[in-house]
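Chain residues, written in single-letter form:
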Amino acid sequence: MPRLSKYIPSMFHRRVLLLAVMVVGAFLLLIFRLGWMTLGEQGRQARADAGQRLVRETWLPTVRGTIFDRKGRVLAGDRASYDIAVDYRVLNGQWVYADRSGRLYGIDIPRYALRLAQKYNADIWDKLEPDQQAEIAADFESALRDRVEVMYQYIADQTGVPIDELMDRRDSILRRVRRMKAEYTDRTRARELQGHKDRGHVPDESDLRRVERIANQPIAEEIEAHTLVGDVSDGIGFTFIRQGVRETPLISRVDSGQADQDREAVSVFPGLLVLDATARLYPYKDLRVLIDRSSFPPPLQSESLVSMDETDVGTMILGVVRSGIQADDVQRRKEALENDDLLALRSRTIKGTDRGRYMHSDYIGRTGIEQAYEDHLRGLRGVSVENRQTGEAIEIGSTPGLDIQLTLDIMLQARVRAILDPALGLTRIQPWHNNEEPTMPIGTELDAGVIVLEVATGDILALVSTPVPPSDGDWSRYGVRTKADKRLFDKIHTPYINRAIAMPYPPGSVAKAIILNGAAKYGMYKEGERIEANGHLLPNQPNRYRSWIYKITDGAYTHYDQLDGRHPNDVDALMVSSNVFFFTLGRRLGPELVSTVYQEFGVGTRYNLGVGQEWAGSLEPFNGVALNIEHATLMGIGQGPVTWTPLHAADAFATIARQGYRVPPKLIVDGRAPEVKSLDLPAWSIRDALEGLHEVVSNRLLGSGFGIRYQELEPHTPTFNAPGIRVWGKTGTAEAPALVFDPDLIDDENGPMDPIVVRDGDHSWFVTLVGPEGGSPEYAIAVVVDYAGSGGRVSGPINNQIIHALIAEGYLPKVDTNQDGEVNP
């Protein structure tokens with residue numbers, strides 16, 4: 001300070017200088033702050049926000065991909081449709097405007113007109129006389145009302161709905177919502193007043209005002225858009241989407257000198273909203289098929305056709321979609337984009353925005369193919385980007401979801417469903433089944449799983465499981481009316497498990513053809529070898545490891561006797577289904593090799609079809625002990641610690657039909673060549689296996705699956721009766737554990753009632769290969785029926801009708817016969 005006083009002796013001047021320094025310092029600080037805000041991170045963000053406000057993005061709707069069957073029939077597809085809606089507040093005479101977040105607010109038109117008039121003429125407004133201000137505001141009000149009227153007329157012109165009818169619809173909406181509001185207000189007012197009364201309180205004026213405030217809160221319908229014209233085409237819908245986001249300034253009669261782009265823009269069509277009403281349709285969900293019963297078992301035969309109405313024909317395969325996006329859906333989509341470069345490339349814009357991201361009203365696959373192939377089927381939205389300042393617009397068109405073609409034939413699927421319908425009688429306990437199980441009286445409905453597989457390609461033509469959960473939730477068609485009924489039904493019938501691919505079953509005797517080829521491959525059975533079959537495997541133990549014929553005759557008859565004094569070779573053993581023969585092969589293979597044989601034929605394989613839960617098959621004892629020789633012995637006849645599904649069975653038989661080449665079954669046509677694998681089976685064992693399988697169904701005297709005796713003392717009627725068709729097949733009767741139900745066990749809370757056995761007995765199998773007479777097998781058919789007993793008597797007639805279904809749908813030739821049943825030349 002002494003030095004400063006030397007140059008500036010006056011205290012006054014020194015103070016002036018200090019003040020000047022402080023002012024300059026503050027000014028420099030402001031300049032620094034302004035520069036930092038302009039050039040720094042905040043500046044960049046502010047510029048980005050400003051630029052964003054100049055840009056309007058409008059997302060354009062898209063559609064999911066279509067699912068076709070093998071013949072090009074549309075099984076699932078979107079019907080693009082849109083509803084033209086207007087915000088209720090506009091219908092009711094108000095205006096709506098949006099804040100920066102896009103939230104809409106309602107405002108009376110005169111009030112909004114005055115606000116706009118003031119903004120448009122801000123620099124001269126205070127200089128105007130009140131009558132001039134009122135005149136300008138009235139002009140703005142008129143302009144706003146004109147826009148509403150123009151919007152209504154535009155809707156009428158574009159949709160073809162007469163303007164008078166459109167106004168009638170508007171008035172009907174107003175009456176309905178006002179009625180709802182009045183009912184809500186009365187109900188709410190009464191509730192609030194009753195609350196005061198219950199508390200012994202007499203409401204004062206403040207309380208009454210509060211009651212009225214609560215009672216007069218807007219209901220949801222008063223702030224929602226309501227449809228004026230529904231179900232318009234996508235072309236009209238897109239036109240309205242583009243128009244609905246247009247904004248232009250209103251022009252004042254007083255020239256304030258403002259350029260149009262500097263004036264606040266308002267909606268051209270206030271409150272207009274295009275609702276995506278696109279519906280996911282399943283045209284073949286419910287089908288009517290005609291069934292010819294002339295080839296049915298004699299007690300069920302009829303020369304007249306029967307019409308069968310089958311519901312939810314493909315639902316367990318196709319699945320369904322749902323609306324209402326959840327956090328898990330968003331996360332799953334994010335992970336899919338991170339893990340799939342091709343999906344990310346197809347879905348993301350240059351800026352990285354996912355055009356397939358979920359929005360509130362979107363459909364998403366819930367089950368089946370719809371769920372498994374969600375990212376494949378999901379369409380990509382288009383986007384229209386408009387610069388509000390220049391009016392320039394850039395549009396990226398929507399991209400429909402990718403289509404999927406199934407190997408399935410939906411009409412064959414429907415026929416198989418009809419065949420399994422208990423109304424036709426094939427899946428009800430019948431007298432000729434000889435099923436003496438007390439839990440399964442005559443007429444009991446049976447549950448089944450079926451696979452029809454094309455041998456050459458591995459294509460799945462039909463995949464059927466019964467019963468099917470009703471998509472409409474109406475269980476009464478199954479006689480289910482109470483919660484107790486539903487618990488019992490679910491326990492017995494397990495409708496949510498697809499029996500064709502997800503229910504574990506012991507293979508039973510259908511596995512014998514596999515064991516034969518495996519034993520031959522690993523040198524455990526020599527070509528032409530005969531194995532002693534005296535009724536039981538172990539000497540001096542007649543009650544263990546017995547053949548079925550020895551068991552039912554109490555040891556009086558053996559396969560040696562049945563074969564006129566010769567022990568069976570491989571062809572004989574398959575024909576008569578000799579347990580002792582295959583016990584021996586299982587024992588020779590031992591635990592390790594018998595497991596290897598099953599694995600080579602697909603047991604332990606999950607096919608990943610994309611239709612939900614699958615059972616891969618198992619080769620492990622349920623008690624956790626290691627496989628031993630006793631297990632291997634039982635596995636030789638498809639019993640013991642081995643389970644699979646009808647799909648495994650059809651796959652295994654198709655492998656034999658291909659001379660030992662395995663082609664994984666598939667449900668999706670993806671254009672890729674199948675992964676063919678040779679099992680290196682001996683040619684002679686395949687030849688013998690096919691010969692034995694044919695003898696099963698064709699040898700009138702010895703074939704274990706040849707026919708059924710429907711009445712005592714009558715000859716056997718052939719099970720398979722399609723003329724000109726050659727059949728190779730194997731029956732199976734697989735032991736199953738009793739099904740026990742506890743009536744009062746609910747959520748781990750148990751009552752006094754004792755558990756009861758609701759099902760007991762054996763599962764019924766019949767697996768066939770079929771083709772034209774003189775040709776090779778072309779199709780594999782696997783049928784299993786739960787707790788039905790004999791494979792030949794129950795599953796055999798079902799399998800036969802599926803062959804007739806293949807003929808009806810053109811997969812096998814229809815051969816004409818004369819009156820004697822002989823094939824016409």
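For clarity, every value in this text was computed on a predicted model and none was experimentally measured.

Here's the deal with the overall build of the chain
Inference 1: Per the secondary structure count, the chain includes 25 helices and 32 strands.
Inference 2: Relative to the globule expectation of 28 Å for 825 residues, the C-alpha radius of gyration of the chain, 39 Å, shows a markedly less compact shape.
Inference 3: Projected onto its principal axes, the C-alpha coordinates of the chain cover approximately 140 × 80 × 70 Å.
Inference 4: Considering only contacts in the chain between residues 6 or more positions apart, those separated by 24 or more positions represent 71%.
Inference 5: Accessible surface, the chain: about 40,900 Å² in total, of which carbon and sulfur atoms supply 52%.
Inference 6: Charged side chains in the chain number 93 positive and 113 negative. The centres of these two groups are separated by 7 Å.

Structural notes on the confidence of the model for the chain
Inference 1: Per-residue confidence for the chain averages 89 on the pLDDT scale, and 90% of its residues sit at or above 70.
Inference 2: Of the regions scoring below 50 in pLDDT, residues 47-52 engages in two contacts with residues more than four places distant in sequence or in other chains.

Some remarks on unusual backbone geometry
Inference 1: Cis geometry marks the peptide bond from Thr 466 to Pro 467, where omega comes out at 0°.
Inference 2: With respect to the secondary-structure elements, Pro 467 resides in the loop between β20 (460-466) and α16 (483-493).
Inference 3: If you check the backbone angles, Asn 608 has positive phi at about 55° while not being a glycine.
Inference 4: In this structure, Asn 608 sits in the loop between α21 (579-600) and α22 (629-635).

Structural notes on the sheet that holds strand β10 (residues 272-276)
Inference 1: Here three strands make up an open sheet; going across it, the order is β7-β4-β10 and the pairing antiparallel. Since the sheet does not close on itself, it has two edges, and those belong to β7 (225-232) and β10, each with one partner. With direction set aside, neighbouring strand axes in the sheet form an average angle of 25°.
Inference 2: In terms of strand pairing, strand β4 (residues 82-87) meets β7 through five bridges, oriented antiparallel. Residue Asp 87 lies in a different strand from β7, and its bridge partner there is Ala 225.

What about the environment of Tyr 779?
Inference 1: Here Tyr 779 shows up in strand β32 (residues 779-785).
Inference 2: By relative accessible area, Tyr 779 is classed as buried at 6%.
Inference 3: Taking the C-alpha atoms as reference, Tyr 779 lies 9.5 Å from Phe 653; in sequence the two are 126 residues apart.
Inference 4: Aside from chain neighbours lying at most four places away, what touches Tyr 779 is Leu 453, Glu 454, Val 455, Leu 461, Thr 768, Leu 769, Val 770, Leu 806, Tyr 811 and Leu 812.
Inference 5: A distance of 3.4 Å separates a polar side-chain atom of Tyr 779 from the backbone oxygen of Tyr 811.

Some remarks on the packing of aromatic side chains
Inference 1: For the structure on display, the rule yields 20 aromatic pairs.
Inference 2: Geometrically, the ring pair formed by Tyr 82 and Phe 238 is edge-to-face, given 6.1 Å between the ring centres and 75° between the ring planes. Of this pair, Tyr 82 sits in strand β4 while Phe 238 sits in helix α9 (residues 234-244), and the two are 156 residues apart along the sequence. Like Phe 238, Tyr 82 is buried.
Inference 3: Here Arg 115 stacks its cationic end above the ring of Tyr 97, 5.4 Å away from the centre of that ring.
Inference 4: Its end group placed over the ring of Trp 475, Lys 486 keeps NZ or CZ at 4.3 Å from the ring centre.

Overview of the environment of Ile 725
Inference 1: Secondary-structure assignment places Ile 725 in strand β26 (residues 725-735).
Inference 2: Residue Ile 725 is classed as buried on the basis of its relative accessible area of 8%.
Inference 3: Note: C-alpha distance between Ile 725 and Leu 273 (452 residues apart in sequence) is 62 Å.

Regarding the sheet that holds β26
Inference 1: Spatially, β20-β19-β32-β31-β26 is the arrangement adopted by the five strands of the open sheet, whose pairing is antiparallel. If you trace the sheet from one side to the other, it starts and ends with β20 and β26, each paired once. Averaged over all neighbouring strand pairs, the angle between strand axes comes to 10°, with direction disregarded.
Inference 2: Two strands pair when backbone bridges link them, and β26 and strand β31 (residues 762-772) are joined in this way by eleven bridges, in the antiparallel orientation. If you follow Arg 726 over to β31, its bridge partner there is Gly 771.
Inference 3: Of the strands in this sheet, β26 and β31 touch helix α24 (residues 683-698), which is tilted by about 85° from β26.

So, the packing of helix α7 (residues 163-198) against helix α8 (residues 205-215)
Inference 1: Contact pair α7 / α8: the axes reach a minimum separation of 8 Å and the direction vectors enclose 145°. Seen along the crossing, α7 lies across α8 with a hand that is right-handed. Contacts between α7 and α8 involve Lys 181, Tyr 184, Thr 185, Thr 188, Arg 189, Glu 192, Leu 193 and His 196 on the former and, on the latter, Asp 207, Leu 208, Arg 210, Val 211, Glu 212, Ile 214 and Ala 215.
Inference 2: Split by residue class, the contact of α7 with α8 holds six nonpolar, three polar and six charged.

Rules and cut-offs
Residues numbered from 1 in each chain as written. Predicted model: local features only at pLDDT ≥ 70, side-chain atom pairs only at ≥ 80, totals over all residues. Heavy atoms only, no water. Helix = DSSP H or I, 4+ residues; strand = E, 2+ residues; numbered from the N terminus. Rg over C-alpha atoms; globule rule 2.2 N^0.38 Å. Contact = heavy atoms within 4.5 Å. Areas by Shrake-Rupley, 256 points an atom, 1.4 Å probe, with all protein chains shown as cover. Lys, Arg positive; Asp, Glu negative; His and termini not counted. Charge placed at Lys NZ, Arg CZ, Asp CG, Glu CD. pLDDT = per-residue confidence, 0-100. Pairing = 2+ DSSP bridges. Axes fitted to C-alpha atoms, helices over the stretch in contact; angles between N-to-C directions. Buried < 20%, exposed > 50% of the residue type's maximum accessible area, 1.4 Å probe, protein only. Polar contact = N/O pair within 3.5 Å; in protein donor to acceptor, adjacent residues only side chain to side chain. Phe/Tyr/Trp six-rings, centres within 6.5 Å; stacked < 30°, edge-to-face > 60°. Lys NZ or Arg CZ within 6 Å of the ring centre and 35° of its normal. Left-handed = near helix turned anticlockwise from the far one by under 90°. Nonpolar A, V, L, I, M, F, W, Y, C, P; charged D, E, K, R; others polar.

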